[in-house]
Amino acid sequence: MLFHACYLDWAATSPPDGDCLSEGLRAALEFYANPSSLHRQGAEARSCLEGARARIATTLSSGKGQLAFTGSGSEADSIPLLALLRQVSKRGKPGSLSTGEPLHIVTTAIEHAAIHAQAAVMEAAGFSVSYLRPGPDGRVSPEAVTEALRPETALVSVMAVNNETGAIQPLAEIATAVRKASERVGKRMPVIHSDAVQAFGKIDFRPEEIGLDCASVSAHKIRGPRGVGALWYAKAFDSFVVGGGQEQGMRPGTENLQGIVAFACAAEKAFDLLADLQSHARVLESRLFEGLAAIRGATVLPLGRRPCDPNYSPFILSVAFPGISGEVIQRVLSDKGIAVSTGSACSSRARTKTRRILDAMGIPEDLAMSTIRVSTGGLSTDSEIDRFLENAEILYRTLRT
């Protein structure tokens, strides 16, 4: 297939699994009724839906919590944030009941646009938002989170794996620190949420064991279909967007049964093969590091990252080619049939071209703007890595002269 020629942009989306798409199509054809209908056909569709829900939930937790299906990981990210609007709608303004100050959100400066942009909307609506900067390693410390807490803090949202650098955030330590800090001052616990789109199916991720209240995941990052995501939550809360009451009232709209069944298939495969997928990714990561070390000037970011570092996902690697725009490198590689990116696909068409995440880490602008992201998956091969390295070395040498 064409996209397997040299596809190294798995963090943007993954080639779908044909068996999973077929399973979803069969479900759509057999269980075509609306799962909310009360007749027999509707009950059969409901049974299929709940079976798929249970399959995905098993890969996330040991039975605790619930799963609400959405149209994407980005939509799942927005639900906990927008729920704060529901909290304050009865008061007429976004103020804390205890202090009268605006409700407060703690997040990071390196979040995916699904959180970062939505937080800015909340800020414009009168909420207070703290955007925490990471260290040079791309990781946010638990101390930084607890220092940002206020009596009015209603939500803490920290991503699990950064979509540009692969940095794995210390979520368990953050959750523990937030709870201890809240108990110490006797305040109500904020909801702890994580965008886990780049973690689910790639690293060991169990939100209930980590201590999260909710987490967002997506199908198309793990070889499932586009257009379906989910929000795992430990305890129900009032969603801001309402309608027909589907998904326990968390997300209105008739469920995408075909996509959900295919999602369940992809989740099970990723879960069953997790150890093998990680091992394969580490081999490719080491091969990338070795090859990039031979390209004079090529710089892996964050500075100091080494192969098989447990603080980073082996599936994502950012590398700078100083002196050449990352967009130029990406475009020329594309002309050679090699797919890489300059960051999140969701932000690639933004009018203002910046490298927000690398800037938040303190990476100099000239280095940040020369960076591309290489991301791998279960179908990635040694030959793809070698092809990328060979072409990157030639192009970099040629373009610099």
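In this text, all values refer to a predicted model and were calculated from it rather than measured experimentally.

Caption draft 1: Seen up close, the packing of helix 1 (residues 18-30) against helix 8 (residues 257-272). Close contact between helix 1 and helix 8 brings their axes to 7 Å; oriented N to C, the two are set at 145°. Our pair here, helix 1 against helix 8, has a crossing hand that is right-handed. Every residue of helix 8 that contacts helix 1 at D19, C20, L21, E23, G24, L25, A27 and A28 is listed here: L257, Q258, V261, A262, C265, A266 and K269. Its residues assigned to classes, the contact of helix 1 with helix 8 comprises 10 nonpolar, two polar and three charged.

Caption draft 2: Focus on the nonpolar core. One finds I56, L60, F69, V145, F200, F205 and F263 to be the most contacted residues of the largest nonpolar core, which totals 62 residues. Here this core takes nine residues from helix 8, the largest share from any one element. Residue contacts for F69: discarding those within four places in its chain leaves L49, R53, I56, G229, A230, E247, R251, I260 and F263. L288, I324, L333 and I372 belong to the second largest nonpolar core, which has 25 residues in total.

Caption draft 3: The sheet that holds strand 3 (residues 128-132), seen in detail. One open sheet holds the seven strands; their spatial order is 1-7-6-5-4-2-3, and the pairing between them is mixed. Only two strands of the sheet have a single neighbouring strand rather than two, namely strand 1 (66-70) and strand 3. Between one strand and the next, the sheet's axes are offset by a mean angle of 20°, whatever the strand orientation. Bridge count for strand 6 (residues 214-218) against strand 7 (residues 229-233) is five bridges, and the pairing is antiparallel. Its bridge partner being in strand 7, S216 is matched across the sheet by L231. In this fold helix 2 (residues 40-60) packs onto strand 1, strand 6 and strand 7, with an angle of close to 115° to the strand it touches most, strand 1. This element, helix 4 (residues 113-124), spans strand 2 (104-108), strand 3, strand 4 (153-157) and strand 5 (191-195) of the sheet and lies at about 150° to strand 3.

Analysis parameters
Residues numbered from 1 in each chain as written. Predicted model: local features only at pLDDT ≥ 70, side-chain atom pairs only at ≥ 80, totals over all residues. Heavy atoms only, no water. Axes fitted to C-alpha atoms, helices over the stretch in contact; angles between N-to-C directions. Helix = DSSP H or I, 4+ residues; strand = E, 2+ residues; numbered from the N terminus. Left-handed = near helix turned anticlockwise from the far one by under 90°. Contact = heavy atoms within 4.5 Å. Nonpolar A, V, L, I, M, F, W, Y, C, P; charged D, E, K, R; others polar. Core = buried A, V, L, I, M, F, W, Y, C linked by side-chain atoms within 4.5 Å. Buried < 20%, exposed > 50% of the residue type's maximum accessible area, 1.4 Å probe, protein only. Pairing = 2+ DSSP bridges.

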